[in-house]
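# Results of the structural survey
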Amino acid sequence: MRLGLAGTGRIGAAHAETLKGFDEVESVVVADVDPARAAAAAAKLGVETAALDDLFTAGIDGLVVTAATDAHPGLIIAAVDAGIPVFCEKPVAADIPGTLAVIDRIGASDVPVQIGFQRRFDAGYAAARAAVASGELGWLHTLRATTFDPAPPPAEYVAHSGGLFRDCGVHDFDVIRWVSGREVEEVYAIGANRGERFFADAGDVDTAAATLTLDDGTLATVSLTRYNGAGYDVRLDVLGSVSGVVVGLDDRSPLRSVEPGVAPLPGPAYPGFMERFRPAYTTELRAFLDVVAGRAPSPCVAADALEAFYIAEACEVSRRERRPVKLAEVRR
């Protein structure tokens, strides 16, 4: 199998290295809008390089897209038009109209598209989903999701990120749908700025909380921050009428109990998402090989990304207008 990769930034380089390590992958060819960066990545990893426009005639069997968000729609459409299965890191596009345009454009094609929501491939989240599906938790009453980054991204990233809900919380929104098997009907969200001024300057917040009402009455809360100095902390509590489980509570969780006699977790805390989810990224890309080979359908289609984006959009409207927002208000 010969795979192409568009975008050789941090996650792109990591994905290229992972792909190169699969026995089924005979060769990897990388490209970037910055040819020098692509050449440097190719030299470091021992893979091929090509101009971005030449990827689709380079004899590739599948394409992995890790380029900047504004390049995602064009690359997805070009791959589908060329009959090349494509994996694209979230989001499909920068906004809902752009996402809908891509979905409309590729809707008539049978070329598979997989969107990168790596938490679906994390062992803990998968186990929580299985516990819900088996009925062992009883009926769900509460889900509590957290994504706490240890330090904020650069100001220039924040200015073009789409905001905390769309950039960060969208992972929680997707996995709440995936684990619970339910849809979100209504949200209420708030945000705060106590850190760097550039968040407010971009119309964003550095900390946020949202309450989601699911279509069966289950309540979910999502807490987000860019300033969790203790370390990277991503968890999901899934609580039911019979039992409950938690994802992400392990010996590297950045938590310290102040109860007498409780030993501290050994640590060290995860420094970021790449370290915490490295096995999930590997499993996700291995799943893409099955998609490319025709052994399995896409496990996360563009419509799934759209649903998570709708929740993020509703949360942003709620935060700005200080009111509950039904998902029906933002659907198009």
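Please read these numbers as outputs of a predicted model, since none were measured by experiment.

The next thing to look at is the UniProt feature "domain: Gfo/Idh/MocA-like oxidoreductase N-terminal" (unreviewed entry) in the protein. Taken from the UniProt record, the annotation "domain: Gfo/Idh/MocA-like oxidoreductase N-terminal" (unreviewed entry) applies to residues 2-116. Helix makes up 37% of residues 2-116 and strand 21%, and the two end C-alpha atoms of the span are 20 Å apart.

A few words now on a nonpolar patch on the surface. A cluster of nonpolar side chains, V246, L249, L255 and L265, forms an exposed patch at the surface whose accessible area comes to about 310 Å². Structurally, L249 is set in the loop between β12 (244-247) and α9 (273-276).

A sheet is described by the order of its strands in space; here seven strands give the open sequence β12-β11-β7-β10-β9-β8-β13, paired in mixed fashion. Because the sheet does not close on itself, it has two edges, and the strands there are β12 and β13 (325-326). By the bridge criterion, seven bridges tie strand β7 (residues 140-148) to strand β10 (residues 219-225) in an arrangement that is parallel. Note that in β10 the partner of A145 across the bridge is V222. Along the sheet, helix α5 (residues 123-134) makes contact with β7, β11 (233-240) and β12, crossing β11 at roughly 10 degrees.

Here we take up helix α4 (residues 96-106). Buried residues of α4: I96, T99, L100, V102 and I106, and no others. Seen end-on, α4 carries its buried residues on one side only, within an arc spanning 160 degrees.

Here the UniProt-annotated "domain: GFO/IDH/MocA-like oxidoreductase" (unreviewed entry) positions come out as residues 125-241. The span residues 125-241 carries 32% helix and 35% strand; its end-to-end C-alpha distance comes to 19 Å.

Here L219 shows up in strand β10. Judged by relative accessible area, L219 falls into the partly exposed class, the value being 41%. A C-alpha to C-alpha distance of 8.5 Å links L219 and L140, two positions 79 residues apart in sequence. Apart from the residues within four sequence positions on either side, L219 is in contact with H141, T142, L143, L212 and T213.

Here we have six strands laid out as an open sheet, ordered β3-β2-β1-β4-β5-β6, and parallel in their pairing. The strands lining the two open edges of the sheet, one partner per strand, are β3 (48-49) and β6 (113-116). Where strand β5 (residues 86-89) meets β6, four bridges bridge the pair, whose relative direction is parallel. By the bridge assignment for β6, E89 is matched with G116.

Running from N to C, α4 and helix α11 (residues 302-321) point in directions that differ by 165 degrees, and their axes come no closer than 10 Å. As summarised for this structure, α4 and α11 are arranged roughly antiparallel, according to the angle between their axes. Seen along the crossing, α4 lies across α11 with a hand that is left-handed. Residue-level contacts link I96, T99, L100 and I103 of α4 to A302, A303, L306, F309, Y310 and E313 of α11. For the contact of α4 with α11, the class distribution of residues is eight nonpolar, one polar and one charged.

Criteria and cut-off values
Residues numbered from 1 in each chain as written. Predicted model: local features only at pLDDT ≥ 70, side-chain atom pairs only at ≥ 80, totals over all residues. Heavy atoms only, no water. UniProt positions renumbered as here; feature names shortened; annotations may be inferred. Helix = DSSP H or I, 4+ residues; strand = E, 2+ residues; numbered from the N terminus. Patch = residues over 30% accessible without salt bridge, like charges linked within 9 Å, V, L, I, M, F, W, Y side chains within 5 Å. Areas by Shrake-Rupley, 256 points an atom, 1.4 Å probe, with all protein chains shown as cover. Salt bridge = Lys/Arg side-chain N within 4 Å of Asp/Glu carboxyl O. Pairing = 2+ DSSP bridges. Contact = heavy atoms within 4.5 Å. Axes fitted to C-alpha atoms, helices over the stretch in contact; angles between N-to-C directions. Buried < 20%, exposed > 50% of the residue type's maximum accessible area, 1.4 Å probe, protein only. Arc of directions from axis to C-beta. Parallel < 35°, antiparallel > 145°, perpendicular 65-115°, else oblique. Left-handed = near helix turned anticlockwise from the far one by under 90°. Nonpolar A, V, L, I, M, F, W, Y, C, P; charged D, E, K, R; others polar.

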